[in-house]
Amino acid sequence: MKMKLLMNQCKAELLRILRNPYYVFWSLIMPIMFYFIFTKVVNTGVEDAGQWQAHYLMSMSAFSVMGSSIMTLGIRLVQERTQGWNTFIRITPLPSSVYFFGKMFGQTIMHLFSVLCIFAAGYLMNGVSLSPAEWLLSGLWIVAGALPFMALGTLIGFMKRVDTASGVSNVLYMALALLGGMWMPLDILPQTVQRIGKWLPSYNYGDGAWRVVQGGHPQWGGVLILLGYLAIFMLLSGYIRKKQEAV
Amino acid sequence: MEHVIEMEQVSKVFHGKRAVDGISFTIGKGSVTAILGPNGAGKTTMLSMLLGLAEPTEGQVRIFGLPPKHDAVRERSGAMLQEVSVMDRLKVHEIISLIRSYYPQPLAEEALYAATGLEAADLKRYAEKLSGGQKRSLGFALALAGNPDLLFLDEPTVGLDTTARRRFWETVRGLAAQGKTILFTTHYLQEAEDIADRILLFSRGALVADGSPEEIKSRLVQRSLSFLPEGDAGELRRHLEQLAVIKEISDRDGRIHVTTDNTDEALRVIYTGGFAVKDVRIDQGRLDAAFEQLTLEPEAVQP
């Protein structure tokens with residue numbers, strides 16, 4: 001019964017996401033455009049072009065998935081609440097955990113799809129060539145490493161108005177991307193920014209994938225920082241949820 | 001009789017204001033009850049507490065003898081709420097099948113399709129593309145998805161056209177005939193009077209009247225007499241004003257109207273006193289008037 005409930009919920013959430021090309025489009029258009037500009041149009045003057053193309057492909061994949069985790073998820077959650085749909089779900093026997101899991105599942109499948117599209121774009125535009133293990137590992141890292149950002153999106157989802165959520169998540173998203181070295185490598189940014197950036201989830205998220213395409217693997221320190229952010233965001237979510245539901 | 005709903009001294013305080021104030025009532029199995037009251041009377045707050053969406057500040061709510069949030073309560077009840085949109089990007093039949101899957105013993109899909117009143121083609125449309133009234137009808141079907149024993153309907157017919165409204169209440173009557181307990185809120189007096197076998201009248205967070213529509217009417221409706229004056233109307237009015245049994249005098253359409261708590265006594269006094277009147281009529285007030293009276297001056301009618 002529980003398993004079937006979960007599968008039904010996941011199926012419904014997946015359908016909803018796949019049928020909303022708007023979200024998929026926006027999570028792809030900007031990263032792919034950036035990728036095109038900074039690997040084909042602007043001469044970045046890097047020595048190893050192949051290395052840069054692979055590095056920046058990871059940056060843009062992570063940038064896309066991080067954005068959809070924070071913004072798409074957050075804004076959709078606010079929408080569902082303001083439209084009263086959440087309230088309806090709360091009075092049905094569906095456990096809220098199943099509802100929530102369904103959302104995360106739909107989101108993750110969408111991320112998987114985004115990663116595949118952006119990887120394909122990198123291959124087609126620049127002939128980025130990685131070993132099968134590198135493709136697989138970096139892709140999995142980007143999909144799995146999105147967890148802390150989904151938790152952040154969930155926090156955004158507690159906001160009262162779609163406008164606020166959209167504004168706040170946009171600013172957070174852009175700041176995290178810039179300071180985390182997703183738009184340009186962190187080592188060309190000022191020292192202070194670098195020092196802050198190293199502690200941000202966005203840098204550590206990108207870093208895992210960057211290391212994979214250089215033939216390395218994600219660092220334990222980075223994993224711990226990401227898990228730390230995940231724990232903080234989840235605790236905050238739990239606290240806010242309790243407060244909001246104790247009306 | 002089995003108590004489906006028990007409210008015991010329930011209060012709800014919002015920002016220091018008592019939205020619901022010390023309400024107690026029980027609702028028996030198979031009854032159709034209307035929670036009637038103007039906007040801001042505390043109807044929605046009451047319903048939120050019954051649904052376990054809000055916790056009472058004081059007092060206790062029990063549904064089927066259990067707290068409203070209990071799984072067993074969720075499985076046996078259904079609700080149609082106000083301001084609930086539909087899940088976007090799912091087709092009508094997909095939403096119905098999804099919500100059905102939440103319940104252990106759901107109603108048959110065909111029965112739910114029928115409850116929406118939608119054409120077969122509309123069932124295949126995206127739910128967000130339906131008109132406002134059609135969405136309400138879908139909301140009704142979703143409330144029935146679990147084949148509930150207890151049904152909450154919050155202002156269910158707002159936004160429905162006459163045909164849809166009639167079909168809606170026909171379905172509700174059918175459900176009541178099956179022994180289901182139904183509680184609905186409304187500010188349409190006519191609906192409460194036509195559908196419910198019990199009315200709970202709310203005003204400013206308090207329960208100001210509780211009874212069958214007839215009881216409420218007979219207890220609260222103000223009666224009045226009207227007649228035509230014979231001779232000097234001014235002098236007649238001066239005499240009438242001195243009678244204790246008459247509360248108010250007014251002129252309408254050339255007739256003199258007097259309101260009274262006791263029409264028999266008023267008639268006796270008028271005839272034995274030799275007042276110059278003709279064409280005397282006794283007017284029964286309407287429930288609308290009772291409603292207005294109750295909700296405007298709640299303290300005047302408390303038992």
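Reading the values: the criteria
- Each chain has its residues counted from 1, following the order in which its sequence is written.
- The lettering of chains begins at A and the numbering of ligands begins at 1, in the order of writing.
- Given that this is a predicted model, residues contribute local features only at a pLDDT of at least 70 and side-chain atom pairs are listed and counted only at 80 or more, while totals for whole chains, interfaces and linings are drawn from all residues.
- In computing side-chain properties, one takes all heavy atoms of the structure into account and sets aside hydrogens as well as water.
- UniProt positions are given in the numbering used here, feature names are shortened, and annotations may be inferred rather than shown by experiment.
- Under the scheme used here, helices are H or I runs from DSSP no shorter than 4 residues and strands are E runs no shorter than 2 residues, and both carry numbers assigned from the N terminus.
- Whether two residues are in contact is decided by their heavy atoms, any of which lying within 4.5 Å being enough.
- Stacked, tilted and edge-to-face are the three classes assigned to paired rings of Phe, Tyr and Trp, where Trp is represented by its six-membered ring and a pair needs centres within 6.5 Å; plane angles under 30 degrees give stacked, over 60 edge-to-face, the rest tilted.
- When accessible area is computed with a 1.4 Å probe and restricted to protein chains, residues below 20% of their type maximum are described as buried, those above 50% as exposed, and intermediate ones as partly exposed.
- Counted as over-ring charges are cases with an Arg CZ or a Lys NZ within 6 Å of the ring centre that also lie within 35 degrees of the ring normal.
- Here, a salt bridge means any Lys or Arg side-chain nitrogen found within 4 Å of an Asp or Glu carboxyl oxygen.
- Whether two strands pair depends on DSSP finding at least two bridges between them.
- Between N-to-C directions, angles span 0 to 180 degrees; the directions come from axes that are lines fitted to C-alpha atoms, helices contributing only their stretch in contact.
- In what follows, roughly perpendicular refers to angles from 65 to 115 degrees, roughly parallel to angles under 35, roughly antiparallel to angles over 145, and oblique to any angle outside these ranges.
- What makes a crossing left-handed is the near helix being turned counterclockwise from the far one by less than a right angle; a clockwise turn instead makes it right-handed.

The name an unreviewed UniProt entry gives chain B is Vitamin B12 import ATP-binding protein BtuD, with Paenibacillus auburnensis as the organism.

Going by the annotation in an unreviewed UniProt entry, the name recorded for chain A is ABC-2 type transporter transmembrane domain-containing protein, with Paenibacillus auburnensis given as the source organism. Taken verbatim from the UniProt record of chain A, the Subcellular location (unreviewed entry) comment is "Membrane".

Here we take up the environment of A:Phe119. Here A:Phe119 shows up in helix H5 (residues 96–126). Excluding residues within four positions of it along the chain, A:Phe119 makes contact with A:Leu57, A:Met58, A:Ser61, A:Trp135, A:Ser138, A:Gly139 and A:Ile142.

The subject of this paragraph is the packing of aromatic side chains. Using the criterion set out here, one finds 17 aromatic pairs over all chains in the structure. Plain terms: the ring middles of A:Tyr35 and A:Tyr56 are 6.3 Å apart, the flat faces sit at 15° to each other, and that makes the pair stacked. Remark: A:Tyr56 occurs in helix H3 (residues 49–82) and A:Tyr35 occurs in helix H2 (residues 21–41); sequence separation between them is 21 residues. With respect to class, A:Tyr35 is no different from A:Tyr56; both count as buried. The side chain of B:Arg76 reaches across the aromatic face of B:Phe64, ending 3.7 Å from its centre. For the cation-ring pair, B:Arg89 lies above B:Tyr126, with the distance from its terminal atom to the ring centre recorded as 4.2 Å.

What the rule picks out here adds up to 21 salt bridges over all chains. Among the ionic pairs, B:Arg198 bridges to B:Asp210, the shortest N-O distance being 2.9 Å. Of the two residues, B:Arg198 is situated in strand E8 (residues 198–203) and B:Asp210 in strand E9 (residues 206–211); the sequence distance between them amounts to 12 residues. Assessed through its relative accessible area of 19%, B:Arg198 is described here as buried. Residues joined in a network through salt bridges with shared partners are A:Glu13, A:Arg16, A:Glu80, A:Lys103 and B:Asp88.

The subject of this paragraph is the sheet that holds strand E1 (residues 3–14) of chain B. Residues and elements named next belong to chain B. Spatial strand order, E2-E1-E4: three strands in an open sheet with antiparallel pairing. Edge positions in the sheet fall to strand E2 (17–28) and strand E4 (58–63), since each has one partner strand and no second. The average undirected angle you get between the axes of adjacent strands in this sheet is 15°. Where E1 lies against E2, eight bridges are found, and the strand directions are antiparallel. Bridge assignment links Val13 to a residue of E2, and that residue is Arg18.

On to unusual backbone geometry, then. Residue and element names in this part refer to chain B. Within the chain, Phe64 stands out as a residue other than glycine whose phi angle is a positive 50°. Secondary-structure assignment places Phe64 in the loop between E4 and helix H2 (71–76). The exposure class assigned to Phe64 is buried, which follows from its relative accessible area of 14%. The phi dihedral of Arg204 falls on the positive side, at around 50°, and the residue is not glycine. Residue placement: Arg204 occurs in the loop between E8 and E9. Residue Arg204 is classed as exposed on the basis of its relative accessible area of 57%.

Turning to the packing of helix H1 (residues 2–18) of chain A against H5(A), a few remarks are in order. All names here are of chain A. Viewed as axis vectors pointing N to C, H1 and H5 meet at an angle of 45°, and their least axial separation amounts to 8 Å. Our classification of the angle between H1 and H5 gives oblique. In terms of crossing hand, the pair formed by H1 and H5 is right-handed. Residue-level contacts link Leu5, Leu6, Gln9, Cys10, Glu13, Leu14, Arg16 and Ile17 of H1 to Val98, Tyr99, Phe101, Gly102, Lys103, Phe105, Gly106, Gln107, Ile109 and Met110 of H5.

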